[in-house]
Amino acid sequence: MGTNKQLNRSFKHTSTIFDQLFQQYSSIGFKKAHILKAWQQCGDNQQTFHEELIKISQQENALILNEDDLFNSMMQLKMQLEQIEQQDLKIAIQLSLDQNAQSKQINSENRTNKSIPVGLKNLGNTCYMNAMLQSLFNVLPFRKFILELDLKDNQSLAYNFLLQLQLLFLMLQESNQSYITPYNLFEALQKFKPSAMFIRGVQNDFNELQNSFLDAIEQALKEENFEEEKKKFCEMFYGEAKEILSYKENDKEIIKFNDTTFGSISIEAADKDLEKGFINTRILIIDEYETDNKEKTKAKIDQNIVQAPFLISFYINRVYYDPKQKQVCKNNTQFNFNSSLNINQFKTINQGQKNLELQKLDEEEQRILDQLKSFGDTKEEIEENFNKVIKLFKRNEGQIDNLVTIDGFCICDENTANPNIIPSDQMLFQLQSYKEKMMKTVQLLTDQLERIQEQKKKILKSDQNMYLLTSVLMHDGSANSGHYYCYVLDKKDLTTWWKCNDSTVTKVDFAQVYKDASGSNRVNSNVSGLIYEQEQWLKVDKIQINQKLLSFIQEDKEKQLIAQDEQKVLNRKAIILQQIQQQKNKLLKYKDQLDREFERFSNFDQFLNSVNQNVYQYYLILTTVQQDIVLIKDQLNKPQEVNNYIKYFITQTNLITTNYDTELKKLKDEYLMINSLLQQLPLKNITNQNYSEKIRYYYTILKQISDIKSCSTLANHLKKIYEVLLLKGCFYVDLSLQANNIQTCIEISQSILISINQNQYVDKLIFQQVFANLKLSSEQVKLITKNTEISDQIIQLQNKGELFINLKQLEFKSLESEILQLQRLRNDSLKLWIHQYDKIKTEQKLLDQNDRQNAEVLLYF
């Protein structure tokens, strides 16, 4: 308990970190005492904690375990730690994005400043490619070189690769989008150079990819006969060096010279410093060099830079093989570098000839960066941390229960009786003083850093061998996996830096870049690559983009607008499906079967639903999609493309798999024809004066409807009304007879006779009833006229005329008014004869003529 209490006093401000480490490491088998001891010895430095803990555990385990047991134990532990590391890596990537979210991200609509980078979409473990592309794109002369290539379309793989690189660079420069996708370039590279270290979905090495990518460009330029351009490209990325081989043979000094070229320079992270590592790459000692005489001797190779490239790329190799663990590991040691680099020393291999003024500025810059890193991330964070501590000592904020040691002073509440302990109000005053002094110190250091960097820029302008740092490649993870992103320098002001983390771009300053690169934010996150450019090479003249490329960018903008519209249309799917279901749930309004038939031919959906389910489903989906998308037409970038968007939606959603346009047209024509017939059906104002004409209309319509298969139910109901009208026609014969209008009486009876003799729509029993009614009327005519010939015209067909007449094709309209007329017809003017019809059909016998006439006589007046 005593140790734990002392630990909490000493590391009170990092107790949360310690608790997490304590829980994590104890859960995988480390002894709690070892964890506490390692924490005390490493201070609050998480970078050395793990190494310290392993050392302590090894020392004790070595006493009780043999070497094999110890190795197996360590391998098992390593596997457990790697699992934790992988989990932590996922968290780190998210934290990296969270840090972006806290900073000011770039809104695509606000990208009027073309120096602001555009993000690149991760295609699946392609962050290393995105980081490489962002770094290369930020090299303005290279960007200009690529965009001004005059490509001749020959459909070759080399042409397509260069074209896709041009288009990507063009989009990165001109696009207003927050990010774009490098998919087309990815595909073109794989086809052109399948050997490239580039497999989508698989994490690869950044350095190998960049070398392979530059080789692909050089090869493509060669295949497309860009000889001058190829030479210019090589001058950008490849330098010339002279190797000096020296050794002794028979006590004689032998010196040989060899001209070589070099590209990216690989430096071991173990060198911990860029210039030191650079020097180590220039000198190679060979213990057993084989001479021309086949003798072995010690030799030395010095490599002097003869002609440096315009751009120098450094790769920080952090991967090494651990023979004890028998696996590759990552060296997370801090690696120092400056914002500028003088390569004079690497041309002469003489440290004394380096620009002394710049050397002093580099040392001073490094000292200030280290100091700033020790204070914290930003002035705002420092102030916030101070305020949290100050809050502990303010009155009414709670009492301090335990003793706390800060800067060697033991403090407590002011009511404490011990006079040797500082009261909290006095400590509060000291803390506030510390805060003010620290904030002033941070501001002074920041100002000094800016002045130093400005002085370095001036020196750079006077020395062509001076290079300025323009890109920092970061890796977060282990030796076998991880996440790449990069920082690039804004070439417009040479002060601002941009963090390019796949599709997310964030503005930062160099102090934050250096802190992140040193691993201060996360142990496994550190610098993996550096790009330096000649200062005089940082700015370029206006890039001349040819019209062909501009047309590509316009086409791409059009595609983007269409893609946005297509996505907006696809987002309507849930709403459209809901509308379709609602339409399916709609019920017919009327309960009467004949009314429902009329309603069916007022609603095409209901008609289709009743005759063909497949066509109905097709039509319902099609019309719902059309209506919904047309409704949002004004919200689209290209409303004139609405019909294409409808086709796109149907194709993408697979809501329609079979085309029923032919069947739909056929049924639509049938539906419109029936609707037109029902509009012309005589349902009102039927009198003895117009009866003959009305019954001919009715017959014509009934005949056409009866010939249509989908109208069988409607035809049956209309047939009943037709037979009822024939029964009422007999009434009109008697009514005309009572009015002594013998001619009308004969016309109506002849119409009825034609109807019952020429068509199949009259039931046998109804036929008999109608004939019996006419026979009785004939006898009455004979009594009145005393003329047998006239009376015979009532019951004998005089002329076998045709009832069928030609009808018009009317425009579609709702049959709501016809339904109301039909209801009035059946409930009013045809009520008596419907009753007669039902009685005949029910009793299956003819009506008594006296009863019939007695019922009808009341309607004569």
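Residues numbered from 1 in each chain as written. Predicted model: local features only at pLDDT ≥ 70, side-chain atom pairs only at ≥ 80, totals over all residues. Heavy atoms only, no water.

> What's the story with the sheet that holds strand β7 (residues 296-307) in this structure? I'm lost.
Neighbouring strands of a sheet are bound in pairs by backbone hydrogen bonds; such pairs are parallel or else antiparallel. Taken together, four strands build an open sheet; the order of strands is β4-β3-β7-β6 and the sheet is antiparallel. Edge positions in the sheet fall to β4 (252-262) and β6 (283-290), since each of these pairs with one other strand and no more. Strand after strand, the sheet turns through a mean of 25° between neighbouring axes, direction not considered. Summarising the sheet, β6 and β7 pair through six bridges and their orientation is antiparallel. Looking across to β7, one finds that I285 is bridged to K300. The strands touched by helix α12 (residues 274-282) are β6 and β7; relative to β7, the strand with the most contacts, the crossing angle is about 120°. (Pairing = 2+ DSSP bridges. Helix = DSSP H or I, 4+ residues; strand = E, 2+ residues; numbered from the N terminus. Axes fitted to C-alpha atoms, helices over the stretch in contact; angles between N-to-C directions. Contact = heavy atoms within 4.5 Å.)

> How should I be thinking about the UniProt feature "coiled-coil region" (unreviewed entry) in the chain in this particular structure?
If you check UniProt for "coiled-coil region" (unreviewed entry), the listed places come out as residues 435-462 and 573-600 in our numbering. As annotated, residues 573-600 has a helix share of 71% and a strand share of 0%, and its two end C-alpha atoms lie 29 Å apart. (UniProt positions renumbered as here; feature names shortened; annotations may be inferred.)

> Explain a nonpolar patch on the surface here, please?
On the surface, V857, L858, L859 and F861 cluster together into a nonpolar patch covering about 480 Å² of accessible area. Tracing the chain through its elements places L859 in the segment after α32 (849-857). Taking relative accessible area as the criterion, L859 reaches 43% and is therefore assigned partly exposed. (Patch = residues over 30% accessible without salt bridge, like charges linked within 9 Å, V, L, I, M, F, W, Y side chains within 5 Å. Areas by Shrake-Rupley, 256 points an atom, 1.4 Å probe, with all protein chains shown as cover. Salt bridge = Lys/Arg side-chain N within 4 Å of Asp/Glu carboxyl O. Buried < 20%, exposed > 50% of the residue type's maximum accessible area, 1.4 Å probe, protein only.)

> Looking at this structure, I do not really get the layout of surface pockets. What am I missing?
Over the atoms, a rolled probe matching the size of one water molecule traces out where space is still vacant. Estimates place the volume of the second largest pocket at around 760 Å³. Considering the residues around the second largest pocket, the lining is formed by 26 residues, among which M171, I180, T181, D556 and Q560 are closest to the centre. Going through the elements one at a time, α8 (157-174), β2 (179-180), α9 (183-192) and α18 (547-570) are the ones with two or more residues in the lining of the second largest pocket. Examining the composition of the lining of the second largest pocket, we find that eight residues originate from one element, α18, more than from any other. Its residues assigned to classes, the lining of the second largest pocket shows 14 nonpolar, eight polar and four charged. (1 Å grid on protein atoms, 1.4 Å probe; cavity = no way out; pocket = protein on both sides within 12 Å on 5 of 7 lines; lining within 4 Å. Points joined across faces, edges and corners; volume = space filled by probe spheres on them. Nonpolar A, V, L, I, M, F, W, Y, C, P; charged D, E, K, R; others polar.)

> It is not clear to me how the packing of aromatic side chains should be interpreted in this structure. Could you clarify?
In this description, a pair of aromatic rings is defined by centroid distance and the angle of the planes. For the structure on display, the rule yields 32 aromatic pairs. Geometrically, the ring pair formed by F142 and F237 is edge-to-face, given 5.1 Å between the ring centres and 90° between the ring planes. Taken as a pair, F142 in helix α7 (residues 140-147) and F237 in helix α11 (residues 227-237) lie far apart in primary sequence, 95 residues in all. As far as the burial class goes, F142 and F237 line up, both buried. Centroid distance F233 to F237: 5.2 Å. Interplanar angle 45°. Geometry classified as tilted. Of this pair, F233 and F237 are both found in helix α11, four residues apart, which corresponds to roughly one turn of the helix. As far as burial versus exposure is concerned, F233 and F237 are alike and both buried. Cation over ring: K499 sits above Y485, and NZ or CZ is 4.8 Å from the ring centre. In this structure, K668 is placed above the aromatic ring of F604, and the distance from its NZ or CZ to the ring centre is 4.2 Å. (Phe/Tyr/Trp six-rings, centres within 6.5 Å; stacked < 30°, edge-to-face > 60°. Lys NZ or Arg CZ within 6 Å of the ring centre and 35° of its normal.)

> Teacher, can you tell me more about the pattern of salt bridges here?
Charged atoms that come close allow side chains of opposite charge to pair. This structure, assessed with the given rule, holds 23 salt bridges. E816 is the partner of K589 in a salt bridge, and the nearest nitrogen-oxygen pair spans 3.3 Å. One end of the pair, K589, is in the loop between α19 (573-584) and α20 (593-600); the other, E816, is in helix α30 (residues 816-829), with 227 residues separating them in the sequence. We classify E816 as partly exposed; its relative accessible area is 31%. With a shortest N-O distance of 3.0 Å, D592 and R826 are connected by a salt bridge. On the criterion of sequence distance, the pair formed by D592 in the loop between α19 and α20 and R826 in helix α30 is long-range, its members being 234 residues apart. When its relative accessible area of 17% is taken as the criterion, R826 is described as buried.

> Explanation requested: helix α17 (residues 510-517) in the structure shown.
Every α-helical turn comprises 3.6 residues, leaving residues that sit three or four positions apart pointing alike. Counting buried residues in α17 gives six out of eight residues, a clear majority hidden from the surface. Taken together, the buried positions of α17 are occupied by F510, V513, Y514, K515, D516 and A517. Among the residues trailing α17, G519 stands out with phi positive, at a value near 90°.

> Explain the pairing of β4 here, please?
Across a regular strand the side chains alternate sides, sitting on one face of the sheet and then on the other. In terms of strand pairing, strand β3 (residues 239-249) meets β4 through 11 bridges, oriented antiparallel. Among the inter-strand pairings, E249 is bridged to a residue of β4, identified as K252. Hairpin connection, β3 to β4: the antiparallel pair is bridged by two residues, and N250 has positive phi, about 55°.

> Any chance you could explain α20 here in plain terms?
Within α20, six of the eight residues are buried, leaving the element largely enclosed by the surrounding structure. Along α20, the positions that sit buried rather than exposed are L594, D595, E597, F598, E599 and R600. Along its buried surface, α20 packs onto α21 (604-611), α24 (661-679), α26 (712-738) and α30. Its side-chain oxygen at 3.0 Å from the backbone nitrogen of L594, D592 defines the N-terminal cap of α20. (Polar contact = N/O pair within 3.5 Å; in protein donor to acceptor, adjacent residues only side chain to side chain.)

> In this structure, what is going on with the environment of I545? I would like to understand it.
Secondary-structure assignment places I545 in the loop between β19 (525-534) and α18. Overall, the relative accessible area of 18% leaves I545 in the buried class. As for I545 and L149, which are separated by 396 residues in sequence, their C-alpha atoms are 9.1 Å apart. Look past the residues within four positions of I545 in its chain and what remains in contact with it is L170, Q173, E174 and L550.

> Would you take a moment to explain unusual backbone geometry for this structure?
Note on backbone geometry: most residues besides glycine have negative phi, and most peptide bonds are trans. Positive phi outside glycine occurs at D502, with the angle close to 55°. Here D502 shows up in the loop between β17 (497-501) and β18 (504-508). Unusually for a residue other than glycine, N654 sits at a positive phi of about 55°. Inspection of the secondary structure puts N654 in the loop between α23 (642-653) and α24.

> Can you walk me through the packing of α26 against helix α28 (residues 764-785) in this structure?
Geometry of a packed helix pair, given as the angle between the helix axes and the separation of the axes. At their nearest, the axes of α26 and α28 sit 10 Å apart, and the two run at 5° to each other. The angle between α26 and α28 falls in the class roughly parallel. For the pair α26 and α28, the contacting residues are E723, L726, L727, C730, V733, D734 and L737 in the first and I766, Q769, V770, N773, L774, S777, Q780, V781 and I784 in the second. Here the contact of α26 with α28 is built from residues that sort into 10 nonpolar, four polar and two charged. (Parallel < 35°, antiparallel > 145°, perpendicular 65-115°, else oblique.)

> Help me out: how do you make sense of the nonpolar core in this one?
As a rule of thumb, soluble globular proteins bury nonpolar side chains together. Core analysis: the largest hydrophobic core is formed by 88 residues, its most contacted members being F598, L714, L718 and I752. Ranked by residue count, the leading element in this core is α26, at 15 residues. Discounting chain neighbours no more than four positions away, the residues touching I752 are Y691, L726, G729, C730, V733, V770 and L774. Counting 63 residues, the second-largest nonpolar core is a separate cluster that includes L133, L168, F186 and I553. (Core = buried A, V, L, I, M, F, W, Y, C linked by side-chain atoms within 4.5 Å.)

> Sorry, what's going on with the environment of C486 here?
If you trace the backbone, C486 turns up in strand β16 (residues 482-489). A relative accessible area of 0% places C486 in the buried class. Along the chain, C486 and C500 lie 14 residues apart, while their C-alpha atoms are 5.4 Å from each other. For C486, the contacting residues outside a window of four places in its chain are A131, Q134, S135, V472, L473, M474, W498, K499 and C500.

> Could you clarify how one ought to interpret the packing of α7 against α8 in this entry?
The interhelical angle for the contact between α7 and α8, taken along N-to-C directions, is 125°, at an axis separation of 9 Å. Our classification of the angle between α7 and α8 gives oblique. Note that α7 runs across α8; the crossing there is left-handed. Only L165, Q166, F169, L170 and Q173 of α8 make contact with α7, whose side of the interface consists of F142, R143, I146 and L147. (Left-handed = near helix turned anticlockwise from the far one by under 90°.)

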